[in-house]
Amino acid sequence: MAVLKVKFTKTKRDKLAQILWILNWVSVVSGIVLFSLGLFLKIEIKKRNEVMAKGDINSVPNMLISVGVIACIINFVGGKICYDCSDANKFSRWKLVMLPYIICTFCFTFCILVGALMCYTMRNELEESLYLGLRDAMKFYKDTDIPGRCFLKKTVDMLQIRFRCCGNNGFRDWFEIQWVSPRYLNMASKEVLDRLKSNVDGKFLVDGVPFSCCNPSSPRPCIQYQLTNNSAHYNYDFRTEELNIWVKGCRGALLDHYTAIMRSIGITALLVWLFELSVLIGVRYLQTAMKNILLLGDLEGESDGWLLENSFMETAKYNINIVKNLGKANQISSVSGMNDPNIDVQSTNCGKTNVTTKSIPAA
């Protein structure tokens, strides 16, 4: 029994073909939208490439860009097919092409769904990439004289100012690394030498943060150094008083920024998927209705259209059997061959051509 069978008159078939022709051109625009969103996400990731570790974070924008290009091509061809399907004579040219086109379009719409879901599953990969990238960028913050690293100080400072964040997970991350360049350390100072000797790795570690961590909205002048020393500042208690530096880590700030972008892109991609699926359903109805009208021979009469010619279970079993029998095309079953009259069976007389038959004694 056909699934969701609908009866179409000639007028309904013509209107359906015209509507699908328009919708396919709208789908071309939706493909351009997907391409633009993928390109936008790729550019946004490229902007923070210095604070991201290399990984598979570009898989989502590349997927959206590819799907957008394919959408433009497929829907352009679909518009031409639907325009010709308004005429039964022109449909005969596309009769053998429409079913493969529908199958390819179904696979393509599935790719759009995968791309939309990938926007929501990218968070873990992005979080790990940001953690490793920010860790390395902070480590090389002081290397302003080394080629290939001299830009990292400006990058990290602009990042902390732009996203109102400090450190990787928080401002205390700066306590664990030497972020002051050795060229600005007074090696004749006893305090500097004591700090260098007190550390196993010989690093100059301080409980301070770069200037870019300061909150300009704070009424109190920024306290960058000796953040955990209450006696170093008047009327100050770091355990109870709200610090006048950014408390949130840059990893969390960037993650929230990209999550908001990917959530919007994911919703848009899901809407495009639903739209493409509705167009595909309409094309399927048009294909089956035009196919049946050619079988009936009455081009002006009514014809049935459906999504599936048989039920879901019968269609699934039929396709599963096709897959199972793909590798058995050239195999010959020895059991079935015993009873096959078309297969030559060798003689069992071991090469003897003359066989003596037992005569019946005469009465």
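Residues numbered from 1 in each chain as written. Predicted model: local features only at pLDDT ≥ 70, side-chain atom pairs only at ≥ 80, totals over all residues. Heavy atoms only, no water.

(A) Summary view of the state of the cysteines. All told, the structure shown has 3 disulfides when counted by the stated rule. Residue C165 pairs covalently with C250 via a disulfide, S to S 2.1 Å. On the sign convention where negative means left-handed, the S-S torsion of about 90° between C165 and C250 marks this disulfide as right-handed. Placement of the pair is C165 in the loop between α5 (152-163) and α6 (190-198) and C250 in helix α7 (residues 250-296), with a sequence separation of 85 residues. Paired through a disulfide, C214 and C222 show a sulfur-sulfur distance of 1.9 Å. Judged by the torsion about the S-S bond (-75°), the C214/C222 disulfide is left-handed. (Disulfide = S-S within 2.5 Å. Helix = DSSP H or I, 4+ residues; strand = E, 2+ residues; numbered from the N terminus.)

(B) Structural detail: the packing of helix α1 (residues 10-47) against α7. Between α1 and α7, whose axes approach to 9 Å, the crossing angle comes to 155°. What the angle tells us is that α1 and α7 run roughly antiparallel. For the pair α1 and α7, the crossing hand works out as left-handed. Class assignment for the residues of the contact of α1 with α7 results in 25 nonpolar, 6 polar and 3 charged. (Axes fitted to C-alpha atoms, helices over the stretch in contact; angles between N-to-C directions. Parallel < 35°, antiparallel > 145°, perpendicular 65-115°, else oblique. Left-handed = near helix turned anticlockwise from the far one by under 90°. Nonpolar A, V, L, I, M, F, W, Y, C, P; charged D, E, K, R; others polar.)

(C) Highlighting the side chain of N215. Note on placement: N215 falls in the loop between α6 and α7. Here the side chain of N215 touches S217 through a polar contact of 3.0 Å, landing on its backbone nitrogen. Those residues in contact with N215 that sit more than four places away from it in its chain are N244, I245 and W246. (Polar contact = N/O pair within 3.5 Å; in protein donor to acceptor, adjacent residues only side chain to side chain. Contact = heavy atoms within 4.5 Å.)

(D) Looking closely at the UniProt feature "transmembrane region" (unreviewed entry) in the protein. Cross-referencing UniProt, the feature "transmembrane region" (unreviewed entry) maps to residues 20-40, 60-78, 98-120 and 265-286 in the present numbering. Within residues 20-40, the helical portion is 100% and the strand portion 0%, while the C-alpha atoms at the span's ends are 30 Å from each other. Taken as a whole, residues 60-78 contains 100% helix and 0% strand, while its terminal C-alpha atoms sit 26 Å from one another. (UniProt positions renumbered as here; feature names shortened; annotations may be inferred.)

(E) Unusual backbone geometry, seen in detail. Backbone geometry at R164 places phi at a positive 55°, although glycine is not the residue there. Of note, N235 is a non-glycine position whose phi angle comes to about 55°, a positive value. Position of N235 among the secondary structure elements: in the loop between α6 and α7.

(F) Just a nonpolar patch on the surface, in detail. A cluster of nonpolar side chains, namely W21, I22, W25, V26, F35, L39, I43, V69, I73, F76, V77 and Y83, defines an oily patch on the protein surface of about 1,100 Å² accessible area. Every element with two or more residues in the nonpolar patch is listed here: α1 and α2 (59-84). It is α1 that contributes the most residues to the nonpolar patch, 7 residues altogether. Its location among the elements puts I73 in helix α2. (Patch = residues over 30% accessible without salt bridge, like charges linked within 9 Å, V, L, I, M, F, W, Y side chains within 5 Å. Areas by Shrake-Rupley, 256 points an atom, 1.4 Å probe, with all protein chains shown as cover. Salt bridge = Lys/Arg side-chain N within 4 Å of Asp/Glu carboxyl O.)

(G) The pattern of salt bridges, seen in detail. Within this structure, the stated rule accounts for 11 salt bridges. The partner of K10 in a salt bridge is D14, and the shortest N-O contact between them spans 3.0 Å. Here D14 and K10 lie together in helix α1, a separation of 4 residues that amounts to about one turn. In this structure, K248 engages D256 in a salt bridge whose closest nitrogen and oxygen atoms are separated by 2.7 Å. Residue class for D256 comes out partly exposed when judged on its relative accessible area of 36%. (Buried < 20%, exposed > 50% of the residue type's maximum accessible area, 1.4 Å probe, protein only.)

(H) Spotlight on the confidence of the model for the protein. Averaged over every residue, the pLDDT of the protein is 81; residues scoring 70 or more account for 82%. Ranking the helices and strands of the protein by mean pLDDT puts α5 first, with 94, and helix α9 (residues 334-337) last, with 44. Note on residues 332-363: pLDDT is under 50 here. Beyond four places in sequence and across chains, it has 1 contact. (pLDDT = per-residue confidence, 0-100.)

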